[in-house]
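Residue-level listing of the chains:
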Amino acid sequence: MPGTEVTVEDVDVDVEIRGPVLTVGMTFPAVEAWLDAHPDLAADYFVRKAELSAVNKWLVAHGFLTVTQGSSSRRGSNSLTGSPSNSPSSPIDKMVESPFSGDDELSRRPNSKRYLRHNFAKSKSKSVFRTYEPSAASAAAEARRSSFRAMRKYSSLPPSSNYMLCLLIESKVRLPRFESTTLDHKKELRSNDEKDFFLNIVKDIANDLDLKSLTHKIIVNLRVLMCADGASLFIVQNTSAGKKVLVSKVFDVHSGTNIYPATTEDNAMEVPWGKGILGHVAETGDTINLTSAYQDPRYNDEVDRITGYRTDSLLCLPVKNSYDEIIAVAQVVNKNSDYNHGAFTLKDAKVFETYLQFVGIAITNAQLMEASQAEYERNRSLLEVVHDLFEEQTSIENVILKTLQRAQRLLKCERAAVMLLEDGSEKQNVKFSRIFELNCPVSGQSTNNAKQVGSSEMAKHLLHLAEQVASTGENLNIAECLEVEKGSAGNVRSMLAMPIRNRNFQIIGVAKIINKLNGQPFDENDEQLFEAFTIFCGLGINNTLMYNELEKAMARQKVAIEVLSYHATASADEVLSLQREVIPEASKWNLGSLTFDDFSLSQDQMVLAAVRMFSDLRLTSRFKIEYKTLLRWLITVKRNYRNVTYHNWRHAFNVAHNMFALLKSCNLMSSFEDVECLAMFVGCLCHDLDHRGTNNSFQEKTGSALALLYGTQNTMEQHHFNHAVMILNSEGHNIFSNLSSTQYSRVMNVLKASILATDLTVYFQVRTQFFSLVNEGQFDMTNRSHRDLLRSLLMTACDIAASTKPWDIQFKVAQLVTSEFFDQGDLEKTTLKITPPALMDRDRKHELPLLQMRWIKDICLPLFEGLAKVIPKLAPMRDGALKNMAKWSKIAAAQENGACDLLEPPNPPPRVPDG
């Protein structure tokens, strides 16, 4: 009452009140009645005037802790009065303010373990040195203060009802003994308007998708709706054995079963199917309405006798879904005696049934949400499994450790094991090569390491069951203790075992889990999750095993390369022997001529001639190539050409000689950079390294290792380049070692482009553009892209330059090429069972002159004619090709007229011996 103080005594007084008033003399009962009629004014007065002692008296009277001065502070505006934060606080503010609202003193204190230990020791020392015996009242106050101090560990949690309840339970505060305001509100609403109340309790459960919270709401609503003293709701669930049970997580009143309900996880109560009143209703779908429960033989008063509760009237109905399936059973007991003498009527049963229709919808929705949440968690868990398994694939032990740890966490079991089968193990004789087992204590704490055990350390019966799973490939779920314990398997209550398969669906092991932590058998959900788990587990183990095999294969390859490189590289004696040789001038061997005889030099002479060409091109001096390194590199390159008919070391040398003659005699060195000249000359020497005597088409048709490695585009040319790089990277073979980083990058790029240019498919791609530029007079040697075209075509020209040589050399080369082609054609006939092209078909050897004429006419001659237009000094090559084409044409015409014998390629083809 603003602005007025009121003093009430036991005698009549005159009171003058401004506002809503009574100004006549009032007695104490009249004042109390007036306060009851104006609760807002009474509360406002109490907020402004009440002392802390009065607040504490009210708290003690209602079972709460007392509040000490300064024990709480305000945060923001008062939620009760709406006063701003800078207004003076009152005792009621301190009472209603949550202990989580940011107490200044407590918020400044750290919550570290060190501080808590220090504070505990400090409080102990105070009690030790106390010189007086505390009174009972002070002891109680101290106990309350201690309880409040214990609440401080919740000060960092949100001020929600759940944490408040935890706080109160932890501090052992007496809870007020009155029903919730929600229940009171619903009772009041029912008394005022039953239809509005019914609509309200339907809305109350319509949007709640948490099954436990929904069950609580349903029970509260049923108690009010049916005017009953208690209610229960039991949900139908399936066990792992396929049996149905009734489970309630919010058990209120005993449901009249013939046996005491079992306690399951989450403090739920479980009632067997078909047992007692609840079980009978669930099984039959009947409605049971009893006025005296004790007279029904299905009812058991055991729990009533234990709890001191007496059940008289009882009404029990099934809850059905939209498919008319029973999904739950609801029960109310002891109707209010003010209604129909405490008995449930037919009208009650009808109202009960009507509300349970909405309950069935709500439960179905909640179960769907629960199933979707479980599926989401299962998928999330499986994603974590995939992440764990595929993150670590280098060690089978680490993969299995993560597998077992994840299995224990996901499936909440005491033990887990993985057993890997021996390679080649048969179904009739299953043997495990390695067995890993991970145990954890009953508390569920996993150990850090999986222990690898022997078969003798694992119980024989468990090992036999695992062998049974591996041999049959079927899942095994044992829920009966006797089946396990009869084999002396130890403390095993339940076991789930499944085969582990690789990506080819072959069984590579067995995974098993033993004993759920809650004591229940493994159910259908566990089986589904474990099955998905074993699939990913099998992939992870399979990938790890493949990775180990790959590591071994790489190690074997490394050893093989080391052995081959030792035997394929130049020895110190060979290098020393050639180092002592005197290298003749280029003129002595006619190296500067475009008509050089391809068969005039021996194998070692070709190596020395290559050194002479390096020197005359000024490559050794310009790029500081060590003489000993150059000799070692050339000998190794020669050794890495196979002894095939045509694409051997001699062919490589002849191609390199052609490039030397073009650069030196035709003055093309001035048209290219020194680095480009180096790369082109080295590319000629390396352009057919490790050639197998078969072309790219053959590699593709046979699906060879080279085709798998490099693909079907430029297969052999990519292999030649990589082989060249391998030789350069070998110790003591890097002739580019003294190049700068820029030069090295440039020379390697040009080297790769030069070797790939020897593939005729590349020639066909670039020649159209080159011919167009030449014919239109737009070719510019200073243009880098034009020069790149020229460089590519020069590599092709050097590779097929045998068509421009004198006839005796041309004819001999044609014989060698034809012989190699025929060998490939024979392989295609025998291996691939196909008819080879005419150029490779031995049965069509009579067509050789015609094919050679067409080869020069369509492939060689256009190239040399185009090059001669840009570089006139290449005209002799064009002329040589024309002469050879005419010669082949004459032979073909003579064969057609029968005036010449068939051209027989030598068999075996001639080879120039070393030396």
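For the structure, see preceding data.
(A) Structural context of the overall build of the protein. Within the protein, the secondary structure is distributed over 33 helices and 13 strands. Counting the 915 residues in the protein, one finds 45% classified as buried. Counting contacts in the protein only where the partners sit at least 6 residues apart, residues at least 24 apart contribute 64% of the total.

(B) Seen up close, the packing of helix α30 (residues 784-799) against helix α32 (residues 848-870). In the contact formed by α30 and α32, the axes pass within 11 Å of each other and the chain directions differ by 130°. As far as their axial angle goes, α32 and α30 are oblique. As α30 runs across α32, the sense of the crossing is left-handed. Contacts between α30 and α32 involve L790, L793, L794, T796 and A797 on the former and, on the latter, L863, F864 and L867. Looking at side-chain class alone, the contact of α30 with α32 contains 7 nonpolar, 1 polar and no charged residues.

(C) Focus on unusual backbone geometry. Non-glycine residue K412 carries a positive phi angle of around 50°. Structurally, K412 can be placed in the loop between α15 (396-411) and β8 (413-421). Judged by its relative accessible area of 52%, K412 falls in the exposed class. Despite not being glycine, F505 shows a phi value in the positive range, around 65°. Its location among the elements puts F505 in the loop between β12 (495-501) and β13 (507-516).

(D) How the structure looks around the packing of aromatic side chains. This model, assessed by the stated rule, comprises 15 aromatic pairs. Between F198 and Y355, the ring centres sit 5.8 Å apart and the planes meet at 75°, which makes this aromatic pair edge-to-face. Pair noted here: F198 is in helix α10 (residues 194-206) and Y355 is in helix α14 (residues 346-391), with a separation of 157 residues, a long-range link. In textbook terms, an aromatic cluster arises when at least three aromatic residues are bridged by ring pairs, as seen for F596, Y641, W649 and F653. Its guanidinium or amino end placed over the ring of F623, R622 lies 5.1 Å from that ring's centre, counting from NZ or CZ. K887 extends its terminal NZ or CZ atom over the ring of W807, reaching a point 5.8 Å from the ring centre.

(E) Molecular detail of empty space enclosed by the protein. Summed over all chains, the structure comprises 3 cavities of 30 Å³ or more. Counted as a void, the second largest cavity has a volume near 50 Å³.

(F) Layout of the pairing of strand β7 (residues 326-335). A large share of β7 lies buried, amounting to 10 of its 10 residues. Between strand β6 (residues 314-320) and the antiparallel strand that follows it, β7, lie 5 residues; D324 among them carries a positive phi value of about 65°.

The rules we used
Residues numbered from 1 in each chain as written. Predicted model: local features only at pLDDT ≥ 70, side-chain atom pairs only at ≥ 80, totals over all residues. Heavy atoms only, no water. Helix = DSSP H or I, 4+ residues; strand = E, 2+ residues; numbered from the N terminus. Buried < 20%, exposed > 50% of the residue type's maximum accessible area, 1.4 Å probe, protein only. Contact = heavy atoms within 4.5 Å. Axes fitted to C-alpha atoms, helices over the stretch in contact; angles between N-to-C directions. Parallel < 35°, antiparallel > 145°, perpendicular 65-115°, else oblique. Left-handed = near helix turned anticlockwise from the far one by under 90°. Nonpolar A, V, L, I, M, F, W, Y, C, P; charged D, E, K, R; others polar. Phe/Tyr/Trp six-rings, centres within 6.5 Å; stacked < 30°, edge-to-face > 60°. Lys NZ or Arg CZ within 6 Å of the ring centre and 35° of its normal. 1 Å grid on protein atoms, 1.4 Å probe; cavity = no way out; pocket = protein on both sides within 12 Å on 5 of 7 lines; lining within 4 Å. Points joined across faces, edges and corners; volume = space filled by probe spheres on them. Pairing = 2+ DSSP bridges.

Such coordinate-based values are descriptive only and should not be taken to indicate function.
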